[in-house]
Amino acid sequence: MLAVSYIEENKEEIIKRFQKRQLDVTESINNILTLDSERKNTQQLMDAELAEANSIAKEIGILFKKGNGKEANELKEKAGKLKESSAELKNKLQTIEVKLKELLFHLPNVPQEKVPQGNSELENIEISKHGNIPTFNFAPKPHWDLVKELDLIDFELGVKVSGAGFPFYKGKGAKIQRALINFFLDEAEKAGYEEVITPLLVNEASGIGTGQLPDKDAQMYHVNEDELYLIPTAEVPITNMYRDIILKEDDFPIKNCGYTPCFRREAGSYGKDVRGLNRLHQFDKVEIVQISHPSKSNEALEGMIKHVQGLLEKLNLPYRILLLCGGDLGFASAITYDFEVYSAAQEKWLEVSSVSNFESFQSNRLKLRFKNSEGKSELAHTLNGSALALPRIVAAILENNQTENGIVIPEILRTYTGFEKI
RNA sequence: GGAGAAAUGGCAGAGCGGUUGAAUGCACCAGUCUUGAAAACUGGCAUACCGAGAGGUAUCGGGGGUUCGAAUCCCUCUUUCUCCGCCA
């Protein structure tokens, strides 16, 4: 959520920047500014009436103490009338505030200057490409065939027990999951991220804080009975640890990491790239989160990119980094880099990580602030990234490392798996 | 799940219808003193919104109500604690 004061001060620039998202926000920004000035006017009127009512109430108190009941009763009548009209103003103010919030909630974040304009993923910019795409002297098999032959992952069993998109990992397939989780967590810890184990169900306020609610509620599983949501990413509980908090300047940077399963309904995505591990309702991910001083957040973003790169290089996977164009940029993000790993058998790039700077967009919803050097509270910046999401990494390892006599486990993982080959 | 008690500033803790945005202590910050520090003393020390400012408004777990006036009374929700039950 953008701050109204920010919109007011940077109106033209914001409208221009939203063109990167292919959005014309002129009208909604004008509406926001009009509503906000209405809000101010109404509040001024209401405050004036309340001030008068308050001073009358005080007078009445004094009169009663003096035993001057007659005069006090006259004042009571006056105060009663003031109460009625201020209640009307209060209603009006609430209506305005609801409308204003509605508009602000539906306005996405302002893309950074370097974000390219564009409509869809086709216009994302490839920043760099690393590693070698493997070649085979046999026809490489896609991971869904490999996992079946080797009995590593059982999709049908998942369908029976839960439904599509909820696989069982078995034997060495399960071990690889655990190995990757531990490897990712160890690397994050080395990079200065403190590990947390979070709740997997969160309340509505948390969903609003990080921007999943009120708009994308169709993407989250909802436990109606208890008004809780299953987390779509550890970003939600980790970032919400800092909701309603005022930090000190020397608390920065705050770095947390956490492994969680992630639950996504993936409503409306049927039929597209959903085979095997490519798209699941439940998957595992290690997430890294930073709370940063506004002046340092882009630097922090660079650090997170380096960290993810390090993981992919240690796993020896060919990957590329994309700078997302405005049209493909997430609702809450000001700038996002995607990491894609090459899948040899599917002959395509699979997204395995998304690293974003949300600037103050989430902080404003979260009321996550810090006292700046002048002693004033200012919104902090939030960032997060996947480091990494498991399923497509597993897919790429299986597919890229297959040989005629088995799948070779990346060297770095062998101390975690305890085996070198499947 | 049942019965009871409670929720006040960074923390502890008063207040239980009327100059209470809130005593007091601790913590913290600044000043005096000191070569420096400690101690002592003096002052400051919540958040948001409105206002150029003076200042105003709201907030004592959340929401609603009674009243001219609510931290204080009522309703409701949430959370915590104690006891009982259940349970990895």
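If you're wondering where the values come from, they're calculated on a predicted model, not measured in any experiment.

Caption draft 1: Just the domain arrangement of chain A, in detail. Domains assigned within chain A are domain 1 (4-105) and domain 2 (121-417). A straight line from the C-alpha centre of domain 1 to that of domain 2 covers 43 Å.

Caption draft 2: Seen up close, the sheet that holds strand β8 (residues 245-248). Judged by pairing direction, the sheet is mixed, and its 3 strands sit side by side in the order β8-β14-β15 without closing on themselves. Whereas interior strands pair on both sides, the edge strands pair on one side only; in this sheet they are β8 and β15 (377-379). On average, each strand axis in the sheet is inclined to that of its neighbour by 40 degrees, with strand direction left out of account. Judged from the 4 bridges that link them, β8 and strand β14 (residues 368-371) form a sheet pairing that is parallel. Looking across to β14, one finds that I246 is bridged to R369.

Caption draft 3: Region of the structure containing the protein's contact with RNA strand B. Around RNA strand B, the structure places 19 residues, and the nearest of them are R39, Q43, A57, K371 and S377. Close to the protein, within 4 Å, the atoms of RNA strand B belong to sugar or phosphate groups at a rate of 71%. The separation between a base nitrogen of RNA strand B and a polar main-chain atom of A57 is 2.8 Å. Interatomic distance of 2.6 Å between a side-chain N/O atom of S377 and a phosphate oxygen of RNA strand B. Elements with a minimum of two residues in the surface near RNA strand B: α3 (26-66), α4 (69-105) and β14. For the surface near RNA strand B, the element with the highest residue contribution is α3, accounting for 12 residues.

Definitions and limits used
- Residues numbered from 1 in each chain as written.
- Chains lettered and ligands numbered in written order.
- Predicted model: local features only at pLDDT ≥ 70, side-chain atom pairs only at ≥ 80, totals over all residues.
- Heavy atoms only, no water.
- Domains from an automatic or database assignment.
- Pairing = 2+ DSSP bridges.
- Helix = DSSP H or I, 4+ residues; strand = E, 2+ residues; numbered from the N terminus.
- Axes fitted to C-alpha atoms, helices over the stretch in contact; angles between N-to-C directions.
- Near = heavy atom within 4 Å.
- Polar contact = N/O pair within 3.5 Å; in protein donor to acceptor, adjacent residues only side chain to side chain.

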